[in-house]
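Observations on the three-dimensional arrangement
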Amino acid sequence: MTSPPEKVNILFRCPDCKSGLNAIYDYDAIQISLLGNPIIRGEFLRRHVHHWKYLSFYPIQDATKVVSMAEGGTPLLEIKRINEEIGCAYLYFKYEGANPTGSFKDRGSTVEITKANEINAKSVICASTGNMGASVAAYAAMAGLKCTILIPERIPNEKLAQIFAYGAKIIQVKTNLYHTVQRLSEQAAAKFNYYLLGDYINRTEGEKSVGFEIIDQLGWKPPDYVFCPIGTGTLIWAIWKSFIELKEVNLIEKLPKIIGVQAKGCSPVIDALARDSLKINPIENPQTVASAISCPDPITGSGAILAIQNSNGFGIAVTDEEIIKARKKLAQIGLFTEPSGAVSYAGLLKIQERIDLKNKNIVCILTGHGLKDAQTGYKIEKNYIDPDIDALKEIIFTQ
Ligand SMILES: Cc1ncc(COP(=O)(O)O)c(C=O)c1O
């Protein structure tokens, strides 16, 4: 459903189907203003990669109200020996842990809090599995807004500490069902006149910058495959939308295939794909180490399905063991991610033998920093020795 711009601040779900809303822009106007003149076009294409470079594609009317921590512009890393291991032409990791609060969520938060600033909101409320709460709390603190974060029962202590440190009010709701917490935040926003933040239209628009940056960093040449984790479905939908929009304004011709990855213990989108249905059947008892993507009834579930189907991609479910293995492998090439941050790579490792990756360019999105859930999957060994060179020699060469 499409909503007129003046309603964007008060309407968060489609009144009919209850899923998120979709923003549509005047793409002809974007093309004329940004790309029509060769000098402006050249200047735009050459400008360094960062989130607000793509302002024309965000629902922001007053650029003086932007609240930013220089989010985005995250590295797209290639580690050549891994290409050989996987058997593809190029494998790039989009390392979202490099954002100011350690996840891709900052891209959505900068747009949401800017919007809150534009409409002069004083208090914001948001439901989160941890990362969005930490990100919103940080941006609200920067903007001087009162912030309340609702979280489900089980989230890593590191994320709790982060939200707490930014000074937000944290309320832990006795449930493991993220959508229950999200519904409560929607009721609270309406009842207490708080501005609602979360997996809604403004966040989707902000998270598109992951997709814009990937294409920009590859010299405006789309990759063949993009592997992306799915929780609520907001990120994967946002990335697909960014590609469609770049095609709409004639910046690219080809569209990448989107591969969506979920944890087996909570995979409502992959289940729906297997049934060839757009309807999500909620998971009753979600169980996974990837707590950030444990979303049993995802608000943008049908969007995630459309992103995968319309791009001729596919979905994969990975076990907790596969997620932890991928997390360890990434850390061993210098990329420390939380379990949910490694899910895209777990998906690639799982299907690498089943599809032809020869000559293919692949991007895996690593969504969150390892310090956000530092210990899951690790048994940390401590080597204590006396301050003595012989003791050191013995231990250094035996492990
Ligand atoms: C680290 C991480 N990865 C992936 C996701 C999934 O994103 P989405 O809920 O937009 O599908 C989340 C969501 O919280 C996350 O925190």
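Please refer to the structure higher up on the page.
This text gives an overview of the structure that appears in the document. (Residues numbered from 1 in each chain as written. Predicted model: local features only at pLDDT ≥ 70, side-chain atom pairs only at ≥ 80, totals over all residues. Heavy atoms only, no water.)

A closer look at the sheet that holds strand E4 (residues 146-151)
Quick note on the threshold: Two strands pair if DSSP finds at least two bridges between them. Secondary structure counts use DSSP, requiring at least four H or I residues in a row for a helix and at least two E residues in a row for a strand, with both numbered from the N terminus. For helices, the fitted axis covers only the stretch in contact; all axes are lines through C-alpha atoms, and the angles between them, taken along N-to-C directions, range from 0 to 180 degrees. Residue contacts follow a heavy-atom distance rule, with two residues in contact if any of their heavy atoms lie within 4.5 Å.
One open sheet holds the four strands; their spatial order is E5-E4-E3-E6, and the pairing between them is parallel. Whereas interior strands pair on both sides, the edge strands pair on one side only; in this sheet they are strand E5 (169-172) and strand E6 (195-197). Across the sheet, the mean angle separating the axes of adjacent strands is 20 degrees when strand polarity is ignored. Here three bridges tie strand E3 (residues 123-127) to E6, and the two strands are oriented parallel to one another. Residue pairing across strands places Cys126 opposite Leu197, the latter belonging to E6. Across the sheet, helix H4 (residues 105-118) lies against E3 and E6, angled at about 170 degrees from E6, the strand it touches most. This element, helix H7 (residues 178-192), spans E3, E4 and E6 of the sheet and lies at about 160 degrees to E3.

Digging into the nonpolar core
Filter applied, for reference: Among buried residues, those of type Ala, Val, Leu, Ile, Met, Phe, Trp, Tyr and Cys that are joined through side-chain atoms within 4.5 Å constitute a nonpolar core. Classification of residues uses two cut-offs on accessible area relative to the type maximum, computed with a 1.4 Å probe and protein chains only: under 20% is buried, over 50% is exposed, and between them is partly exposed.
Counting residues in hydrophobic clusters, the biggest one holds 52 residues, and the most contacted among them are Ile236, Ile239, Val363 and Ile365. Where this core is concerned, the elements lending two or more residues are helix H1 (27-35), helix H9 (209-217), strand E7 (225-229), helix H10 (234-248), helix H11 (268-274), helix H12 (301-310) and strand E10 (361-366). It is H10 that contributes the most residues to this core, seven residues altogether. Each residue touching Ile239, except ones within four places of it in the same chain, is listed here: Val210, Gly211, Cys228, Ile258 and Ile365. Counting residues in hydrophobic clusters, the runner-up holds 35 residues, among them Val67, Cys147, Leu196 and Cys295.

A closer look at the pattern of salt bridges
Stated precisely, the cut-off is as follows: The term salt bridge refers to a pairing of a side-chain nitrogen on Lys or Arg with a carboxyl oxygen on Asp or Glu at a separation within 4 Å.
Taken as a whole, this structure holds 20 salt bridges when the rule is applied. Between Asp216 and Lys53 there is a salt bridge, with the nearest N and O atoms lying 2.7 Å from each other. Of this pair, Asp216 sits in helix H9 while Lys53 sits in the loop between helix H2 (38-46) and strand E1 (76-78), and the two are 163 residues apart along the sequence. Looking at Asp216, the relative accessible area reads 8%, which means it is buried. With relative accessibility at 3%, the residue Lys53 sits in the buried group. Here Lys350 ties to Glu322 by a salt bridge, and the two come within 3.0 Å at their closest N and O atoms.

So, the site of the ligand
The condition is simple: Distances are taken per atom, and a residue is near a molecule or strand as soon as one of its heavy atoms is within 4 Å of it. In the analysis that follows, any N or O atom pair within 3.5 Å is treated as a polar contact, provided that within protein one partner can donate a hydrogen and the other can accept it, and provided that, for residues neighboring in sequence, both atoms belong to side chains. Each accessible area is a Shrake-Rupley result for a 1.4 Å probe, and residues are judged covered by the shown protein chains and nothing else.
Near the ligand, the surroundings consist of 17 residues, among which Asn131, Gly231, Thr232, Leu235 and Thr367 are the closest. At a separation of 3.2 Å, an oxygen atom of the ligand approaches a polar side-chain atom of Lys105. The contact in question runs from an oxygen atom of the ligand to an N or O atom on the side chain of Asn131, over 2.7 Å. Here the ligand loses 98% of its free accessible area of 390 Å² to cover by the protein chains.

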